[in-house]
Amino acid sequence: MSMFDKIKEKATQAASSATQIGQQATRSIGDMASNASSSGNFNNPILGTLPEECAKAARILEQFINKEEIENGFDTIIPVSVIKEAKGLAIFTVVKAGFLWSGRAGSGIVVARLPDGKWSAPTAIATGGVGFGAQIGADITDFVLILNSDEAVRAFSQGGNLTLGGNLSVSAGPIGAGGEASITGDIRDKKVAPVFSYTKSKGLFAGMSIEGTGLIELQKANAKFYGRPIRANAILKGEIEPPAEAKVLYDMIQRAESRDPY
């Protein structure tokens, strides 16, 4: 065998190994999603029933208002004023995995504040995306998106694809007691990003990637939630009575709004 043939053979073997690793890493999205449902350490990125999704959203929000986070040195607390001024909340879980190529998928719910100050019934959303770059690993991430304007709420209620960072700009939200005073003035002056993002990840994902992430309305899931076809726009406008199954989420939002700043 010539030197050229040996080099070619080794290159082919390396490429084959890289492909197998990539496929295995990408398949871990499904494995992590399945494990999430049986583990108390993760929220499930696969959409469940309405009671399950409301309970999941309440658990996720609790992570971002828990005083113990500050006491343990993890200052990711959403300031009280941010919750009080929010026009809507999008709460969901995303699983991401890959080797060079990556994939991400997840699901959750959106609620909007109605003119009377109460919260709308939840509407189901899904997220997905692909990316390419110097990256390897897998993780599960919980998201709380604070919708700071009526326009942001409308963007989540239009159906079709909504690209975060594309159709709607997103910035990291202020955190902890240090952000309490500053954000209040900014909201009153309306000098604030349409969406604040808060995230917490579990797992290991290293590297940088270029990726597009989209959010879509889940019409079939909403029909299953409420027993009839209904669009996200109608749900977030309050055209359907807030369900009893969502009480656990409404109670958590009230707790987030009524706690003492810390």
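Quick note: structure is the one above.
Our subject in this report is the structure included herewith. Values in this document were obtained by computation on a predicted structure and should not be read as measured data.

**A look at the overall build of the protein chain**
So, point 1. What the protein chain contains, in helices and strands, is nine helices and six strands.
So, point 2. Every one of the 262 residues in the protein chain was classed for burial, and the buried ones make up 47%.
So, point 3. Residue pairs in contact within the protein chain that sit at least 24 positions apart in sequence constitute 76% of those at least 6 positions apart.
So, point 4. If you sum the accessible surface of the protein chain, you get close to 13400 Å²; carbon and sulfur atoms cover 55% of it.

**Thoughts on the packing of aromatic side chains**
The description of an aromatic ring pair rests on the distance of the ring centres and on the angle between the ring planes.
So, point 1. Evaluation of the coordinates by the stated rule reveals three aromatic pairs.
So, point 2. Measuring from centroid to centroid gives 6.1 Å for Phe225 and Tyr226, while their planes differ by 90°, and the two rings are edge-to-face. The exposure classification of Phe225 matches that of Tyr226, with both residues buried.
So, point 3. Taking NZ or CZ as reference, Lys200 lies 5.2 Å from the ring centre of Phe64, over its face.

**Re the packing of helix H2 (residues 50-63) against helix H9 (residues 247-258)**
So, point 1. Taken N-terminus to C-terminus, the directions of H2 and H9 make an angle of 20°; their axes are 8 Å apart at the nearest point. Classified by the angle their axes make, H2 and H9 are roughly parallel. The crossing of H2 and H9 is left-handed. Residues Cys54, Ala55, Ala57, Ala58, Leu61 and Glu62 of H2 pack against Val248, Leu249, Met252, Ile253 and Arg255 of H9.

**Digging into the nonpolar core**
In summary, soluble globular proteins display a tendency toward joint burial of nonpolar side chains.
So, point 1. The biggest cluster of nonpolar side chains holds 39 residues, and the ones touching the most others in it are Ile78, Val144 and Ile146.
So, point 2. Elements represented by at least two residues in this core include exactly H2, helix H4 (80-85), strand E1 (88-112), strand E2 (123-147), strand E5 (195-207), helix H7 (219-226), helix H8 (232-236) and H9.
So, point 3. Of all the elements, H2 adds the most residues to this core, at six residues.
So, point 4. Not counting chain neighbours up to four residues away, the residues in contact with Ile146 comprise Ile78, Val82, Ile83, Ala86, Gly88, Leu89, Pro194, Val195, Phe196 and Tyr198.
So, point 5. Counting 17 residues, the second-largest nonpolar core is a separate cluster that includes Ala90, Ala112, Leu215 and Leu236.

What counts and how
- Residues numbered from 1 in each chain as written.
- Predicted model: local features only at pLDDT ≥ 70, side-chain atom pairs only at ≥ 80, totals over all residues.
- Heavy atoms only, no water.
- Helix = DSSP H or I, 4+ residues; strand = E, 2+ residues; numbered from the N terminus.
- Buried < 20%, exposed > 50% of the residue type's maximum accessible area, 1.4 Å probe, protein only.
- Contact = heavy atoms within 4.5 Å.
- Areas by Shrake-Rupley, 256 points an atom, 1.4 Å probe, with all protein chains shown as cover.
- Phe/Tyr/Trp six-rings, centres within 6.5 Å; stacked < 30°, edge-to-face > 60°.
- Lys NZ or Arg CZ within 6 Å of the ring centre and 35° of its normal.
- Axes fitted to C-alpha atoms, helices over the stretch in contact; angles between N-to-C directions.
- Parallel < 35°, antiparallel > 145°, perpendicular 65-115°, else oblique.
- Left-handed = near helix turned anticlockwise from the far one by under 90°.
- Core = buried A, V, L, I, M, F, W, Y, C linked by side-chain atoms within 4.5 Å.

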